[in-house]
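Commentary on secondary and tertiary structure
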Amino acid sequence: MGKRFTGVVIRATGSWYEVLHDGEAVRCRIRGRLRLKGIRSTNPVVVGDQVTCESDDGGDYVICDICPRRNYVIRRASNLSKESHIIAANIDQALLLATLRAPETATEFVDRFLVTCEAYKVPVTIALSKADLQDPSAMAEFRAVYEGAGYRVLEVSATEGVGVEAVCELLEGRVTLLSGNSGVGKSTLIHAIDPSLDIRTGEISDSHHKGRHTTTFSTMYPLAGGGAVIDTPGIKGFGLIDIDDAELWHYFPEMMRVAPECRFYNCTHTHEPGCAVVEAVREGKIAYARYESYLKILDDDEKYRK
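The following refers to the structure shown. (Residues numbered from 1 in each chain as written. Predicted model: local features only at pLDDT ≥ 70, side-chain atom pairs only at ≥ 80, totals over all residues. Heavy atoms only, no water.)

**A look at the side chain of N90**
- Looking at the secondary structure, you find N90 in the loop between β7 (84-89) and β8 (93-98).
- Of note is the side chain of N90, whose polar atom sits 2.9 Å from the backbone nitrogen of R70. (Helix = DSSP H or I, 4+ residues; strand = E, 2+ residues; numbered from the N terminus. Polar contact = N/O pair within 3.5 Å; in protein donor to acceptor, adjacent residues only side chain to side chain.)

What follows is the structure, given as structure tokens:
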């Protein structure tokens with residue numbers, strides 16, 4: 001047996017991994033048998049994993065074991081696929097960047113991400129990015145919906161320095177997954193938080209008003225103020241996986257608050273008489289956009305199962 005050590009995966013390219021050990025990033029491959037443990041994931045080793053590595057006969061290092069994860073964020077690998085793609089593991093919180101224009105982040109994308117974080121017990125904050133380019137009334141409406149649901153919403157403009165200090169305080173001493181669609185300004189925000197980090201940034205494509213990918217592989221960056229941030233490639237869609245229809249409403253905090261008042265204990269909050277959730281939607285206590293996302297996710301899950 002060669003030399004062994006345990007470290008944290010800080011970069012994953014799919015074929016090579018960088019593992020942090022004693023302040024040094026060690027380049028490692030993955031041992032083939034790790035792929036055969038019944039993991040339905042396209043990526044058995046992810047950034048944030050604590051792994052055991054050992055040197056092979058040629059002196060290269062291979063990842064031979066993955067320590068149990070305390071949590072992770074996961075999505076469906078591709079449309080109508082039964083495989084999963086784990087985005088990151090062992091994180092303290094997530095920060096979801098969204099923009100209402102240039103480019104527009106779909107409400108359903110936001111809600112699917114939030115549902116996954118709720119399901120896997122990852123605290124999440126939403127940052128409305130590029131605040132200087134957004135419509136103030138649209139931002140106020142967005143905040144009303146998500147703060148009403150129970151989430152903290154920050155308004156951030158990395159280029160103008162707005163909200164950057166609040167983000168720094170949020171990230172300090174914690175491992176944070178930074179996620180969002182391409183072009184919402186993840187890399188620009190990281191650079192504003194810690195200018196010493198070498199993060200490539202990109203501009204919005206004028207022809208399609210969509211973001212160009214600037215992050216190719218997931219990478220964990222240590223922050224000067226303590227903690228670390230995991231920058232991920234821009235995500236286009238966020239298919240849910242392993243969430244039962246009967247439990248979906250558990251991951252909408254505002255529905256959880258009123259559901260105990262439903263007439264039936266097994267209420268699906270879709271058609272039943274005496275449903276407190278539907279009544280709350282009618283009265284405006286639950287945002288219709290959030291309830292609509294709930295119904296769409298239920299409908300999409302039915303399609304995935306066929």
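**So, the packing of helix α3 (residues 164-171) against helix α4 (residues 186-193)**
- Running from N to C, α3 and α4 point in directions that differ by 85°, and their axes come no closer than 10 Å. Between α3 and α4, the angle falls in the class roughly perpendicular. Contacts between α3 and α4 pair V164, V167, C168 and L171 from the former with L189, A192 and I193 from the latter. (Axes fitted to C-alpha atoms, helices over the stretch in contact; angles between N-to-C directions. Parallel < 35°, antiparallel > 145°, perpendicular 65-115°, else oblique. Contact = heavy atoms within 4.5 Å.)

**Examining the packing of aromatic side chains**
- Counted by the stated rule, this structure contains 5 aromatic pairs.
- Note on F5 and Y61: the rings are 5.2 Å apart at their centroids and 65° apart in plane angle, and the pair reads as edge-to-face. Note that F5 is positioned in strand β1 (residues 4-12) and Y61 in strand β5 (residues 61-66), a separation of 56 residues in sequence. By the burial criterion, F5 is buried, and Y61 matches it. (Phe/Tyr/Trp six-rings, centres within 6.5 Å; stacked < 30°, edge-to-face > 60°. Buried < 20%, exposed > 50% of the residue type's maximum accessible area, 1.4 Å probe, protein only.)

**A few points about the pattern of salt bridges**
- Taken as a whole, this structure holds 11 salt bridges when the rule is applied.
- Here E254 and R290 are joined by a salt bridge, their closest N and O atoms 2.7 Å apart. Highlighted residues: E254 in helix α5 (residues 253-258) and R290 in helix α7 (residues 288-305), separated in sequence by 36 residues. This pair shows no difference in class: E254 is buried, exactly as R290 is.
- In the salt-bridge network here, residues are joined through shared partners; they are D111, E254 and R290. (Salt bridge = Lys/Arg side-chain N within 4 Å of Asp/Glu carboxyl O.)

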